[in-house]
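Letter by letter, the chains look like this.
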Amino acid sequence: MKRASFKEIFGWAMFDFANQAYTLLIITVIFGDLFTRVIVGDSETDYRLGNLLWSVALAVSYLMVVLVGPVAGAIMDFSAARKRFLFASYVLTVVTTGLLYFVAPGYIWLGMLLIICSNFAYAIGESFIASFLPELGPREQLGWISGFGWALGYVGGLVATAFALVMLGEVSEENFDRIRWVGPFAAVFFLLAAIPTFLWLRERGRARRLKGGVRSYLGIGFRRVRATIKDLRHYRDLATLLVSIFFAMAGIYIIISFTFIYGAQVIQWDEQVRIWMFVTVQLTAAAGALGFGFLQDRIGARTTYLATLVLWIVAVTLIFSTPWLGRVVPMEAQHVFLIVGSVAGLCLGSTQSAGRALVGVLAPRLRAAEFFGFWGLASKLAAIVGLLGLGLLQVAVGLHASILFCALLFALALVVALGLNEARGRRVAEEREAPRSSILP
């Protein structure tokens, strides 16, 4: 299989560039902190209620992805309608993110509702755009392509958040009238930056249509998913990978959702250090995604993925130890946290990129959307478990101690991934490239 043109690959990667603004501005850097400390604002309990409600809202949105993703993927494979599904998720993300402007202090339920809707649309769009990956090049080049997309995404996040931090200022009740514009800003950035995706990315595959309308397509989706679940015994290595990704992504979603909350509540950093942390994480994440992407095509996807998990265990241990490291070394804890953030940044881009590429290697191309739907299911189910687990743990023991939960999750991901045989899994995928007539009408 020949690699797609650079123009098409760039168009595909621009969706990562666009949607990273949502991840950073809404989930990680600004709105999550705004929700917990200003909109809910329970400072007398160390913001534990706000942290818990934030976890619940994100978990509900990911549960919706779990329920919808695989069936939507199966329908997209059948009808060759991936771009239409992707466009629908894009529009819903833009609209609901823009409406976050109206979430004022005390408007807790409105904030939770809009986060549930916008994060559902954004998260399911991740699965939709990832399903195009196997068709962009031969399996031995998917590491570079996936890494390029993820690296470009972090560049997009850096650009969007840098402008937002300069234009909107700090997260505080006193600055609320300016910082509330973070939702519309993220929505407009996503709206404009994703245009190249819909102009240059091709829809491949043969569209098959039914006369029965929506109900018939839903029936096809459910039938294909049931058949795939029964057939998973033939995809032993892909199934092993999905279990490992479940544990890894549970830890990653905690890091994404709580890093800046952790910095504000546990490290108690200054606004300048908060900005430098954002820049550091974005640059190191982009370098990690791109560097490990090139490395993956040379040493193998499995080896690269395992290396990133080991690095994550080290990074989480350092995050937990930061308050004490600040007493041992001649530096403030917040400055030590900056150094630790660079290690976490390398992990953040590389693990997600390597996992996505590995799914592309192990999945038959003609059923890519369906299998990436299962990838999305594993990732979002992981987010539910991880975020709710941390939310409940931090109510009991506080946010600082709860962060060790992430180290346990990455260790479990590593142990499971040791049983993955990449060569065997790739061989199975290549043998089963043809569509199965038994599950089609």
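Residues numbered from 1 in each chain as written. Predicted model: local features only at pLDDT ≥ 70, side-chain atom pairs only at ≥ 80, totals over all residues. Heavy atoms only, no water.

Examining the pattern of salt bridges
Between side chains of opposite charge, pairing is possible as soon as their charged atoms come close.
Here is step 1: Counting across every chain of the model gives five salt bridges.
Here is step 2: Residue Arg356 pairs with Asp16 through a salt bridge whose shortest N-O separation is 3.2 Å. One end of the pair, Arg356, is in helix H14 (residues 333–362); the other, Asp16, is in helix H1 (residues 6–29), and 340 residues separate them in sequence.
Here is step 3: Accessibility expressed as a relative area gives 2% for Arg356, which makes it buried. (Salt bridge = Lys/Arg side-chain N within 4 Å of Asp/Glu carboxyl O. Helix = DSSP H or I, 4+ residues; strand = E, 2+ residues; numbered from the N terminus. Buried < 20%, exposed > 50% of the residue type's maximum accessible area, 1.4 Å probe, protein only.)

Considerations on the side chain of Asp33
Here is step 1: Locating Asp33 in the fold gives a position in helix H2 (residues 31–40).
Here is step 2: Contact partners of Asp33, with chain neighbours within four places excluded, come to Val38, Val171, Ile261, Ala264 and Arg274. (Contact = heavy atoms within 4.5 Å.)

Here we look at the environment of Leu113
Here is step 1: Along the chain, the position of Leu113 falls in helix H5 (residues 108–130).
Here is step 2: As for Leu113 and Gly157, which are separated by 44 residues in sequence, their C-alpha atoms are 24 Å apart.

Thoughts on the packing of helix H4 (residues 82–98) against H5
Here is step 1: Close contact between H4 and H5 brings their axes to 8 Å; oriented N to C, the two are set at 150°. Looking at the two axes, H4 sits roughly antiparallel to H5. As for how H4 packs across H5, the hand of that crossing is left-handed. Taking contact as the criterion, the partners of Phe85, Leu86, Ser89, Leu92, Thr93, Thr96 and Thr97 in H4 are, on H5, Leu114, Cys117, Ser118, Phe120, Ala121, Tyr122, Ile124, Gly125, Phe128 and Ile129.
Here is step 2: Tallied by class, the residues present in the contact of H4 with H5 amount to eleven nonpolar, six polar and no charged. (Axes fitted to C-alpha atoms, helices over the stretch in contact; angles between N-to-C directions. Parallel < 35°, antiparallel > 145°, perpendicular 65-115°, else oblique. Left-handed = near helix turned anticlockwise from the far one by under 90°. Nonpolar A, V, L, I, M, F, W, Y, C, P; charged D, E, K, R; others polar.)

Some points on the nonpolar core
Here is step 1: Counting residues in each nonpolar core, the largest one holds 148 residues, and the members touching the most others are Ile26, Phe31 and Trp312.
Here is step 2: Considering each element in turn, this core owes the most residues, 17 residues, to helix H11 (residues 236–267).
Here is step 3: Other than its neighbours up to four places away in sequence, Phe31 contacts Leu25, Ile26, Ile39, Trp54, Leu100, Val103, Ile115 and Val182. (Core = buried A, V, L, I, M, F, W, Y, C linked by side-chain atoms within 4.5 Å.)

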